[in-house]
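Tertiary structure, described
Single-letter residue listing:
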Amino acid sequence: MDKAVEQALNEQINAELYSAYLYLSISAWFSSIGMKGMAAWELVQAQEERDHAMMLYNYLLSSGGKMIATEIKAPQTEWGSPKEAFEFQLAHEKGVTASINRLIEISQSAKDHASIARLQWFITEQVEEEENVRDVLNQITLAADFPSYLYMIDKELGTRVYTPPTGNGA
Ligand code: FEO
């Protein structure tokens, strides 16, 4: 496997594990302010991020690459409001999208067509990830003038069910 692609895949695995840790941290913060539905929603998100890391890990190994475990930085632990937490999450997901795009560009430079093909799933997934967070953020923004609406949103978000990404190597 091309060394630059191998290194970029390793960095993306770290980024996905950091994402899982960040969403666990956001979940813990939501729990601490009594937003149990949002906390549950974030736990599902954290699980999906772990799946993303494992999909990349399994792909890296099946392509003859080596996984090098590196330090995962500590995430932020407090936010000023649910809106601020989801804004933080949206900005983070945009960063992840940029990182996936960069990984594909590195694969293109290396003429690594297998990696380019494998990473297409992540391109589609990022569109969905950003949309999901943007949808919640829009609802919370609309609720600004109606605080009781925030509790309805919390209840609704608590119904999110984790679905494993079948057939994608997680
Ligand atoms: Fe794995 Fe939310 O990007």
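Just above, that's the structure.
Here we summarise the structure given alongside this text. Because the structure is a prediction, the values reported are computed rather than measured.

We now examine the nonpolar core. Counting 23 residues, the largest nonpolar core has I26, F30, M38, F86, I140 and L157 as its most contacted members. Listing elements by their share of this core, those giving two or more residues are α1 (3-32), α2 (36-62), α3 (82-109), α4 (113-142) and α5 (147-157). Top element by residues in this core is α1. It accounts for six residues. When sequence neighbours within four positions are dropped, the list of residues in contact with I140 reads M38, P82, K83, F86, L150 and I153. Counting residues in each nonpolar core, the second largest holds 15 residues, with A8, L56, Y59 and I100 among its members.

Let's shift gears to the pattern of salt bridges. In total, this model carries five salt bridges according to the counting rule given. Put simply, D51 and R50 hold a salt bridge, and the shortest N to O gap is 4.0 Å. A relative accessible area of 4% means that D51 is categorised as buried. In this structure, the salt-bridge partner of K83 is E87, at a minimum N-O distance of 3.2 Å. Of the two residues, K83 and E87 are both situated in helix α3; the distance of four residues between them amounts to about one turn of the helix. The exposure class of E87 is partly exposed, given its relative accessible area of 37%.

Okay, α4 next. For α4, which comprises 30 residues, the first-to-last C-alpha distance of 44 Å matches the rise-based estimate of 44 Å (1.5 Å per residue) to within 8%. Remark: the principal bend of α4, roughly 30°, maps to L119.

In a regular helix each residue adds 1.5 Å, so 27 residues correspond to 39 Å; α2 covers 39 Å between its end C-alpha atoms and thus fits that length. Residue G64 follows α2 closely and has a positive phi angle near 85°.

Our focus in this paragraph is the packing of aromatic side chains. Aromatic ring pairs are reported here in terms of the distance separating the ring centres and the angle at which the planes meet. Considering all chains together, one arrives at six aromatic pairs under this definition. Ring geometry for W41 and F86: centres 5.5 Å apart, planes at 65°, overall edge-to-face. Linking W41 in helix α2 with F86 in helix α3, this pair joins segments that are 45 residues apart in sequence. You'll find W41 and F86 in the same group, each marked buried. When the ring of W79 is compared with that of F88, the centres are 5.6 Å apart and the planes differ by 75°; the resulting orientation is edge-to-face. By the ring-pair criterion, three or more aromatic residues cluster together here, those being W29, F30, W41, W79, F86 and F88. Above the ring of Y18, the side-chain terminus of K73 is found at 4.8 Å from the ring centroid. Directly above the ring of W41 sits R160, whose terminal nitrogen or CZ lies 4.4 Å from the centroid.

What counts and how
Residues numbered from 1 in each chain as written. Predicted model: local features only at pLDDT ≥ 70, side-chain atom pairs only at ≥ 80, totals over all residues. Heavy atoms only, no water. Core = buried A, V, L, I, M, F, W, Y, C linked by side-chain atoms within 4.5 Å. Buried < 20%, exposed > 50% of the residue type's maximum accessible area, 1.4 Å probe, protein only. Helix = DSSP H or I, 4+ residues; strand = E, 2+ residues; numbered from the N terminus. Contact = heavy atoms within 4.5 Å. Salt bridge = Lys/Arg side-chain N within 4 Å of Asp/Glu carboxyl O. Expected span 1.5 Å × (residues − 1). Bend = angle between axes of the 7 residues up to and from the residue. Phe/Tyr/Trp six-rings, centres within 6.5 Å; stacked < 30°, edge-to-face > 60°. Lys NZ or Arg CZ within 6 Å of the ring centre and 35° of its normal.

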